[in-house]
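Notes for the structure review
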Amino acid sequence: MEKVFRALADPSRRMLLDRLFAKGGQTLSALAADMPMSRQAVTKHLAILEEANLVAIHWHGREKLHYLNPVPIGDIVRRWVGKFEDARVEALGDFKQHVETKERKHGRGRT
C-alpha cells in the first residue's frame, strides 16, 4: 500500500489517473497531450503508477495502451475509509436504539 500512497501523493499522477478514468486504453501520446510537462516526464509518472499497480498495460500490436486499475484504490477505501465509516454507521445505529428505548420508557410512563 505504501507504493500506492506514494503514487497518489503527486498531483500530476492523480491527473493521469483522472484521464484514464475518463477514458481507458490511452497511448502515451494521448496521455501526454495537453499535460503541463514533457512526454518524458509523463513516461516517468506512468512507470510509478504501473509500479504501484494503479495502471495496467495492454499491448495492441505496437501500441501500448494504459488503463486505470481501480483495485488498489478500492483496497485503500476498504482498509482506511471503510473502517471509519463502519464505526460511524454503528454509532448511528446505537444512537437510534438509545432514542427508541427512551421513547418506549417515556411512552409507558404516560399510560
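Residues numbered from 1 in each chain as written. Predicted model: local features only at pLDDT ≥ 70, side-chain atom pairs only at ≥ 80, totals over all residues. Heavy atoms only, no water.

Considerations on the overall build of the protein
Helix and strand counts for the protein come out as 5 helices and 2 strands. Traced from its N-terminal end to its C-terminal end, the protein shows the element sequence α-α-α-α-β-β-α. What you see for the protein is a C-alpha radius of gyration of 23 Å, clearly larger than the 13 Å of a compact globule of 111 residues, by over 25%. Seen through its C-alpha atoms, the protein measures out along the principal axes to roughly 80 × 25 × 25 Å. The buried share of the protein, taken over its 111 residues, is 26%. Counting contacts in the protein only where the partners sit at least 6 residues apart, residues at least 24 apart contribute 49% of the total. Just so you have it, the protein exposes about 8200 Å², and 57% of that area is on carbon and sulfur atoms. One finds the centroid of the 20 positive side-chain charges in the protein at a distance of 2 Å from the centroid of its 14 negative side-chain charges. (Helix = DSSP H or I, 4+ residues; strand = E, 2+ residues; numbered from the N terminus. Rg over C-alpha atoms; globule rule 2.2 N^0.38 Å. Buried < 20%, exposed > 50% of the residue type's maximum accessible area, 1.4 Å probe, protein only. Contact = heavy atoms within 4.5 Å. Areas by Shrake-Rupley, 256 points an atom, 1.4 Å probe, with all protein chains shown as cover. Lys, Arg positive; Asp, Glu negative; His and termini not counted. Charge placed at Lys NZ, Arg CZ, Asp CG, Glu CD.)

Details of the pattern of salt bridges
As enumerated under the stated definition, the model contains 5 salt bridges in all. The salt bridge involving Arg-6 is made with Glu-2; its shortest N-O contact spans 2.4 Å. Residue Arg-6 and its partner Glu-2 are located together in helix H1 (residues 2-8), separated by 4 residues, close to a single helical turn. Here Arg-6 and Glu-2 have matching classes, each one exposed. Across the salt bridge formed by Glu-100 and Lys-96, the nearest N and O atoms sit 3.1 Å from each other. On the criterion of helical spacing, the pair formed by Glu-100 and Lys-96 is a turn pair, its members being 4 residues apart in helix H5 (residues 71-110). Taking relative accessible area as the criterion, Glu-100 reaches 33% and is therefore assigned partly exposed. (Salt bridge = Lys/Arg side-chain N within 4 Å of Asp/Glu carboxyl O.)

Details of the domain arrangement of the protein
Where the parts come together, the accessible area they lose is often given as the size of the interface. Per the domain assignment, the segments making up the protein are domain 1 (2-71) and domain 2 (82-110). Taken over C-alpha atoms, the centre of domain 1 sits 46 Å from the centre of domain 2. (Domains from an automatic or database assignment.)

Structural notes on the nonpolar core
One finds Leu-16, Val-42, Leu-46, Leu-49 and Leu-54 to be the most contacted residues of the largest nonpolar core, which totals 17 residues. Broken down by secondary-structure element, the contributors of at least two residues to this core are H1, helix H2 (11-22), helix H3 (28-32) and helix H4 (39-51). Not counting the four nearest positions on each side in its chain, Leu-16 is found in contact with Leu-31, Met-35, Val-42, His-45, Leu-46 and Leu-49. (Core = buried A, V, L, I, M, F, W, Y, C linked by side-chain atoms within 4.5 Å.)

So, the pairing of strand S2 (residues 63-68)
Residues in a regular strand point their side chains to alternate faces of the sheet. Relative to S2, strand S1 (residues 55-60) is paired through 6 bridges, and the arrangement is antiparallel. Within S2, the residue paired with His-58 across the bridge is Leu-65. Between the end of S1 and the start of S2, which pair antiparallel, lie 2 residues, with Gly-61 showing a positive phi angle near 65°. (Pairing = 2+ DSSP bridges.)

Here's the deal with the side chain of His-45
Relative to the helices and strands, His-45 resides in helix H4. In this structure His-45 comes out as buried when scored by relative accessible area, which is 13%. Not counting residues within four places of it along the chain, the set of residues in contact with His-45 comprises Asp-10, Ser-12, Arg-13, Leu-16 and Met-37.

Here's the deal with the packing of aromatic side chains
Enumeration over the complete set of coordinates arrives at 0 aromatic pairs. If you follow Arg-79 out to its NZ or CZ, it ends over the ring of Trp-80, 4.1 Å from the centre. (Phe/Tyr/Trp six-rings, centres within 6.5 Å; stacked < 30°, edge-to-face > 60°. Lys NZ or Arg CZ within 6 Å of the ring centre and 35° of its normal.)

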